Amino acid sequence: MLHEILLSLSGHPSPLLTADHESPTQILSPPEKALLSSIAHLSELHCKLLAHTSTITSTHPSSICQAVAATIRSVHLAAFQRKVLEVEDGILRKDAGSVGAYNIVPLTAIVGQFSGWTRRMEWFLEVVEYMMRGHGGGKKCSGAMIIDWLCNALQTGYVDIEEAALSLVRVAETAWLKQVSGWVLYGRLPGFGREDFFVQQVDGDIEEYESKKELLPAFVTPSTASSLLFVGRSLNHIRIKGMSSTTSPELNLLSKHLRELSTLKFPINNASFSRVIASIRLSLSQTTLQKLLPLSKVIEVLLLLREFFLLGRGEFAIALISEADDKIRQRWRRSDNLGYEKRDGLGNIVVKEGEVSAVLARTWAAMGLLQGQDEDQDEDDLLELARDLVQLVITKNIAPTPAKNSLDSSPYAKIATTPFRTLLLSVPVALTMHIPSPIDLFLAPSDVHIYTSINAYLLSIHRAHLRLTDMWKITSLRRDHPAPPGPPYGSSKFGRNKVLTLRHRAKERSAAMRTVWATSSAAVFFLSETEAYLQGEVVQGTWTGFKSWLSGETTSRPTSSSKAPAEGVDDDEDIWMQAGRETPTLTGILHTHDPQSLADAHRRYLSALASSLLLTTSSFTDPLFHLLQQIDHLVALVHRVHSIWQSLDLEADEGVVDAFSDFHKEEKDVRGQLVVVAGRVKSAIEVLVGCLREVDQSKEGWSDGFEELVLGEEGAYVPAKVGRVDRLLMKLDFAGWFDGGKKTGGLDDLGIDDDEFL
């Protein structure tokens with residue numbers, strides 16, 4: 001019987017312990033049954049642990065879970081096995097602690113030898129079942145999950161459980177730290193258990209990585225995870241691009257970084273771990289990355305994004321809009337010239353990919369002509385860089401590549417999905433940029449997507465503004481007062497009747513267009529003030545603060561001496577032309593920032609910019625998109641009615657008749673549509689002003705939670721509070737224009753009506 005008990009405790013099931021002892025023919029007394037039940041329970045725990053740990057060490061995808069299971073089997077279960085052998089040795093040696101008088105071995109003595117193991121074995125089984133079961137919901141247990149679970153188990157009140165948990169925590173964190181050291185020291189992902197590591201490769205991009213929050217232990221803070229991702233990605237970038245020489249500085253720092261990692265104590269404290277990773281990041285940035293990515297190159301790329309994506313150069317936006325409108329007109333003209341049997345719906349109108357690229361190429365040519373007109377201006381290096389990097393492409397509904405730190409990739413997700421990209425060329429096009437090799441250390445594709453969304457937003461507003469103001473160039477439509485014909489016809493009755501007829505026709509058309517001109521003037525006023533607010537206050541103010549942080553300059557007002565004109569400069573010379581010829585300089589750079597600090601600050605800058613531009617407020621962007629669509633419709637109808645009236649004038653005055661067109665019917669239809677669309681534009685402006693008032697009440701447009709950054713790390717970038725919506729609302733005062741002609745006070749009481757907008 002003793003032999004069967006010891007064999008069963010060693011992991012070999014015994015029928016003596018598994019048999020049913022409730023039969024009346026059994027010779028065991030009730031106390032013996034109770035004692036054997038505890039031994040049977042301990043034997044069952046041991047057998048389950050052996051089976052489960054063997055399964056985990058051979059099949060589990062997490063190397064950390066495999067290490068924990070191997071430790072349970074090779075350390076703790078081996079200690080239990082040694083205890084069994086020790087008890088057996090005591091029985092064979094007839095030790096007084098196990099053998100009594102007359103060489104009788106009491107069953108209570110054997111059970112008492114293993115009484116302290118039951119709680120530990122039950123806890124080990126709980127650990128093993130957690131690794132096999134996971135967190136529930138079909139989710140497998142990861143290394144981070146078992147580390148957090150074991151760390152929570154340290155808070156138990158049992159000393160033996162605490163010691164066992166501490167040993168397993170030490171093993172789990174050592175295995176995890178081994179994976180992290182390969183990434184931090186060499187920029188390499190672990191060879192085994194890569195799916196369990198928190199750094200994952202982005203699908204379709206072998207050089208882009210993202211951080212999975214669910215695969216991080218609890219002691220890793222988001223900022224530390226960002227540093228970990230940045231350090232490993234930078235080293236991997238250097239190795240793949242072949243930028244490092246044989247005497248690589250990052251390899252010279254390897255021993256130093258290893259010593260810093262070896263100073264960590266288990267269980268790992270988040271403060272000490274963050275300190276070690278920050279030290280590694282700083283030493284790497286001050287040696288290799290400082291030479292690889294100088295601050296001057298970063299500012300040059302940021303200036304490119306400011307000038308061409310945020311419309312810092314107005315001539316680029318105007319040239320791009322003009323070339324896009326010309327391309328659309330050419331497509332419609334080509335479609336009209338085709339025979340009816342050759343037309344295939346919208347296939348002849350929709351712009352193709354090659355034509356989109358040609359639009360940008362002609363835009364660069366127009367920019368080159370503008371630069372060539374000024375002989376005093378030097379060669380623009382920024383323009384040449386933009387030619388190489390900036391692209392205009394047709395976009396598809398593909399999710400953008402996440403930022404280098406997916407924990408902080410929320411700015412793009414907050415941007416409204418309003419399709420402003422469809423307004424330029426009637427197909428969704430986007431101005432994007434190819435990220436060159438060293439720049440992608442701090443600039444992610446998701447950042448470029450944010451710039452693309454902001455560019456489409458600002459460009460669509462600027463385009464609508466230009467299209468409305470271009471209507472005033474149609475002088476004959478705006479004001480037409482026919483003069484009498486020359487003598488002798490001017491003094492004849494026929495000549496006078498002719499003049500009266502022409503003037504009556506012009507007066508009738510002017511009256512029909514009065515509402516259109518009033519609405520167009522109000523829309524121009526709204527767009528001009530909105531654009532001045534977005535460009536002059538929000539974009540420029542945010543960029544000025546960010547650039548000052550980059551260069552370490554303090555923001556202050558210019559003194560009077562700085563405004564004094566230089567000697568030899570003509571006082572009559574246009575100061576705006578002089579400012580336009582000045583190229584941005586990169587001098588005054590006093591402070592240096594590592595690429596990760598630049599990336600974090602740049603992401604905060606983009607988030608604050610998108611929020612201040614109201615691009616994250618769909619309740620404003622959706623009505624704005626509707627207004628821009630109605631403005632396009634209004635402009636198209638105005639040009640159409642102008643061409644109809646020209647055809648009617650030819651028919652009435654010169655006798656040129658188009659047998660295939662009924663211009664009188666078309667005039668009636670278009671004039672009716674003009675009234676409807678003008679009313680829609682007016683109501684859209686009213687809705688937008690109401691939306692701005694709601695935004696001002698909720699403070700969504702200019703205060704988006706950046707106040708807590710003031711108490712953060714010293715020297716961290718804090719976005720400037722710009723773009724207060726109430727400043728825009730004070731200018732957008734349309735008095736009683738939205739009251740539908742009702743006398744409710746304001747300008748209506750003074751006798752001012754829609755004519756004032758003409």
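Residues numbered from 1 in each chain as written. Predicted model: local features only at pLDDT ≥ 70, side-chain atom pairs only at ≥ 80, totals over all residues. Heavy atoms only, no water.

Peer 1: What is the right way to read the overall build of the protein chain from this model?
Peer 2: In terms of helices and strands, the protein chain carries 25 helices and 4 strands. Within the protein chain, counting contacts between residues at least 6 apart in sequence, those at least 24 apart form 77% of the total. (Helix = DSSP H or I, 4+ residues; strand = E, 2+ residues; numbered from the N terminus. Contact = heavy atoms within 4.5 Å.)

Peer 1: Before we go on, may I ask you to explain the state of the cysteines in this structure?
Peer 2: Note: disulfide means a covalent bond formed between the sulfur atoms of two cysteine side chains. Scanning all chains against the criterion turns up 0 disulfides. Considering cysteine sulfurs only, C141 is the nearest to C65, which forms no disulfide, with 4.0 Å between them. Residue C65 is classed as buried on the basis of its relative accessible area, which comes to 0%. (Disulfide = S-S within 2.5 Å. Buried < 20%, exposed > 50% of the residue type's maximum accessible area, 1.4 Å probe, protein only.)

Peer 1: Sorry, what's going on with the nonpolar core here?
Peer 2: Counting 197 residues, the largest nonpolar core has W123, M131, I146, F273, F308 and Y457 as its most contacted members. A total of 16 residues in this core trace back to one element, the largest contributor, which is helix 20 (residues 493-551). In contact with F308, other than residues within four places in its own chain, are R313, F316, W364, M367, L382, L383, A386, L431 and N455. (Core = buried A, V, L, I, M, F, W, Y, C linked by side-chain atoms within 4.5 Å.)

Peer 1: Please explain the packing of aromatic side chains as it appears in this structure.
Peer 2: Pairs of aromatic rings are described using the distance from one ring centre to the other and the angle between the two planes. Taken as a whole and assessed by the stated rule, the structure comprises 22 aromatic pairs. Ring plane angle 20° and centroid distance 5.3 Å describe the contact between Y130 and W149, whose orientation is recorded as stacked. A residue pair is termed long-range when its members are at least 10 positions apart, and Y130 in helix 6 (residues 117-133) and W149 in helix 7 (residues 143-153) qualify at 19 residues. Taking the centre distance of 4.5 Å and the plane angle of 10° together, the rings of F546 and Y605 count as stacked. Of this pair, F546 sits in helix 20 while Y605 sits in helix 22 (residues 595-612), and the two are 59 residues apart along the sequence. Residue class for F546 comes out buried when judged on its relative accessible area of 1%. Here the aromatic cluster, defined as three or more aromatic residues joined through ring pairs, consists of W543, F546, W549, Y605 and Y717. (Phe/Tyr/Trp six-rings, centres within 6.5 Å; stacked < 30°, edge-to-face > 60°.)

Peer 1: What's the story with the packing of helix 6 against helix 7 in this structure? I'm lost.
Peer 2: Between helix 6 and helix 7, the least distance of the axes is 10 Å, while the angle of their chain directions is 155°. Our classification of the angle between helix 6 and helix 7 gives roughly antiparallel. Considering the relative orientation of helix 6 and helix 7, their crossing is right-handed. Where helix 6 abuts helix 7, its residues W123, E126, V127, Y130 and M131 lie against M145, I146, W149, L150 and A153. Grouping the amino acids of the contact of helix 6 with helix 7 by side-chain chemistry returns 9 nonpolar, no polar and 1 charged. (Axes fitted to C-alpha atoms, helices over the stretch in contact; angles between N-to-C directions. Parallel < 35°, antiparallel > 145°, perpendicular 65-115°, else oblique. Left-handed = near helix turned anticlockwise from the far one by under 90°. Nonpolar A, V, L, I, M, F, W, Y, C, P; charged D, E, K, R; others polar.)

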